[in-house]
Each structure stands twice: as structure tokens, then as C-alpha cells.
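Given next are the chains, with one letter for each unit.
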Amino acid sequence: MTGLPPEGYAPAESPLTEWYERAGVRADPRRILDDLDQGRVLFPDRLVPYLAHPLVAGLTPALRRQVVARHAYQYFAFTAHFEMRVVNRATELIASGRTDVSCLGSLRLDAYKIYCDEAYHALYSFDVIQQLEAGTGIPALPYAFEPVLSDLDVIAAKCMPCAGTLPYLLQVVVFETLVTSLLAELPNDPDLVALVRDTVRDHARDEGRHHAYFTRFFRELWAGLDLQARDQVATALPQLIVRSLRPDYHGVAEVLRAAGLAEPQVRDVLHDTYPSDRVRQTGREQAAHSVRLFRSAGVLDLPRAHDAFAQEGLI
Ligand SMILES: [Fe+2]
Ligand SMILES: [Fe+2]
């Protein structure tokens, strides 16, 4: 997901032309944890919504610190898994020319660059977790990415049963063009340890370029689809958007259990923190930029698309 939302780029120019000089993997230093003893936090309390629930607010300060640390670990673990298993699954197809749609040479070369970027984002996300674990003495919990991956693949299989590589391309387009608040907010939070702040800032810079790339990629992809494929894509997109933005209920539950909450308490916290109308509302806000992008590409001109986006609460 991106923090910077440039509106695509002119057909002749690539957002990755200066990649060799500007990409994080080429230019950024390794970020090191060195200010944990200065009262800085690993993640802002306001971005851990269940922390304010009475059942969590009443925990000891040590347990609350553990909850916040594990929330931060999950953020970086999700990033590492998503980059390698979803983004680079599709990016590799584009780079190696193995998609069912033909891509311009410049799109393929840029996909190689993005493949390197995402592998590096995964590497430093894991590095951050390990440094934070060592610095705090709070071990990470096992992270289960399978629910995310299988949900994304099930949506694709249901909406596009015979679509070949197209579902993988859509998954990456959706994720890389979503503009979530986290990549924009975390780099500017002075209370965060610099390791987290700087890592997220490094990531957001790369993702700004990826956003422009995938915006253009989608326009070309859409232009090359026949009517039946467009219909399927239009049905899958809103479901993929909503799944990509859904809170990580499974991960939150694990963090709460590890903090000593019993199963009924875990259920209460999840139920009270994430009522379905609020999740839908937040999803709509976070997806607004993506919906504009798909609208401007012509997706919402299809009657079925309009219904599908409305059904998911996105318009
Ligand atoms: Fe990334
Ligand atoms: Fe990316």
C-alpha cells in the first residue's frame, strides 16, 4: 500500500527511471535500533484500536507494552509476507513476461526493479522485528499469513474461474494502489523509535513510485481485456479491496490471548473494537483513492461494477 498518491505518469516516462539512484535497496542505509531507552514507543497507541478497550486498558503497563510490541511485529510480519507471497508472485509474472496479457518492455523492466524493492522491504521488515525483539526482550508470536492469502485466492477463484494469471495481477494492483494512512502517519510520529519511523519512511518512498507504476499498469491491463473479463474483474476488485483493508482479527486475537485474556474476553474486545458498520466505514474511507482510480479507468461504467462496488460499501 502506498503513502504517496501521485496520479500516474505520462505514457513515455517511468516512475522508476532514477531507480538506480533513488530506490531504497540501492541508496538507504540499514536502520538500527538505538533509542529504545529514550522513552520512545514501537507503535502509536492511537493506531492500536483495541488498546483503549477496558479489558486491555486495565492490563499492567508491562502487558500493554507487550501488546503494542506484538502489534508492531504483526505490522512488519504482514508486510514481509505480503511483499514476498502476493506482490512478488505477480511482479515476477510481469517481469518474466509470463502474464496472459502482453506488457510493454518498459513495464517488464520496471517490474524487475519492483521485484528487488519488495524483496528488500520484506528483508528489512523481518530485520526490524528481530531488532525490536532483541531490544525489548518481548518475543514475536508465530505469524499466520495463510488466512490472508487463501481469502485473496478464493475471491479470485470465485469471480474469475478461468482467468489464468489475471487474479494475481489484480491482487497486486489493488494492494499497491491502496493509500492507507499508516505509511503516511508513522514516518512523522516523533514518539516512535527511529527504527520504525525511518523504515516506514523508506518504504513509503518506494511505494509512491510503485503506486504510479501499478496505476499505469492497470490502465493498460483494463484496455486489453474483453467484455467478459472486464465483467469478472469488476466483480473481483471491490472484494479484493475490502479483504485487503480488513483488520487482522486472527492476529489481534493471538496478541490478546498471549496477554492473558480468556476466550470470551478476546471475543468481546474484537466485537466491541470492530463493529461491522465501523469496519465498512473505515474501508470506504481508506479505499476512496483506489475507487477514484478504478472509476477514472472506466471500471465503474459497467453496470455490474457499480452494483459490486456498492454491495461492498465502497460507493
Ligand atoms: Fe513494498
Ligand atoms: Fe510496492
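This text goes with the structure placed above it.
Residues numbered from 1 in each chain as written. Chains lettered and ligands numbered in written order. Predicted model: local features only at pLDDT ≥ 70, side-chain atom pairs only at ≥ 80, totals over all residues. Heavy atoms only, no water.

Q: Tell me about the packing of helix 6 (residues 146-159) against helix 7 (residues 166-177), residues and numbers included.
A: Relative orientation of the contacting elements helix 6 and helix 7 amounts to 125 degrees, with a least axis distance of 10 Å. The orientation of helix 6 with respect to helix 7, classified from their angle, is oblique. With respect to the hand of their crossing, helix 6 and helix 7 are arranged in right-handed fashion. Of the residues in helix 7, those in contact with L152, D153 and A156 of helix 6 are P167, Y168 and Q171. For the contact of helix 6 with helix 7, the class distribution of residues is four nonpolar, one polar and one charged. (Axes fitted to C-alpha atoms, helices over the stretch in contact; angles between N-to-C directions. Helix = DSSP H or I, 4+ residues; strand = E, 2+ residues; numbered from the N terminus. Parallel < 35°, antiparallel > 145°, perpendicular 65-115°, else oblique. Left-handed = near helix turned anticlockwise from the far one by under 90°. Contact = heavy atoms within 4.5 Å. Nonpolar A, V, L, I, M, F, W, Y, C, P; charged D, E, K, R; others polar.)

Q: How would you explain the coordination of the iron ion (ligand 1) if you had to name every residue and give the values?
A: Each donor-metal-donor angle would ideally measure 109.5 degrees in four-coordinate tetrahedral geometry, or 90 or 180 degrees in six-coordinate octahedral geometry. The iron ion (ligand 1) binds to the protein through E83 (OE), E118 (OE), H121 (ND1), H203 (NE2) and E207 (OE); the donor distances cover 1.9 to 2.3 Å. In primary-sequence terms, the residues that donate to the iron ion (ligand 1) follow E-x34-E-x2-H-x81-H-x3-E. Taken as an interatomic distance, the gap from the iron ion (ligand 1) to the iron ion (ligand 2) is 3.5 Å; E118 donates to each of them. Taken together, the positions of E83 in helix 4 (residues 61-95) and E118 in helix 5 (residues 105-136) put the pair 35 residues apart, joining distant regions of the chain. Just as E83 is buried, E118 falls in that class too. (Donors = N, O, S within 2.8 Å, 3.2 Å for Na, K, Ca; no water. Buried < 20%, exposed > 50% of the residue type's maximum accessible area, 1.4 Å probe, protein only.)

Q: Run through the coordination of the iron ion (ligand 2), naming residues and quoting values.
A: Coordination of the iron ion (ligand 2) by the protein is provided by E118 (OE), E176 (OE), E176 (OE), E207 (OE), E207 (OE) and H210 (ND1), with metal-donor distances spanning 1.9 to 2.7 Å. The site at the iron ion (ligand 2) holds six donor atoms, and with the angles between them running 52 to 160 degrees, its shape is irregular. Mapped onto the polypeptide sequence, the residues donating to the iron ion (ligand 2) form the spacing pattern E-x57-E-x30-E-x2-H. The class for E207 is buried, based on a relative accessible area of 0%. (Tetrahedral: all angles 85-135°; square planar, octahedral: opposite > 155°, others 65-115°.)

Q: Just give me the short version of helix 6, but keep the residues and values in it.
A: Over its 14 residues, helix 6 runs 20 Å from end to end, which matches the ideal 20 Å to within 8%, given 1.5 Å per residue. Three or more residues of helix 6 are buried, namely V148, L149, L152, I155, A156 and C159. Looking straight down helix 6, one finds its buried side chains confined to an arc of 130 degrees; they lie on one side. Set apart from the buried face of helix 6 by more than 90 degrees, the exposed residues are V154, A157 and K158. (Expected span 1.5 Å × (residues − 1). Arc of directions from axis to C-beta.)

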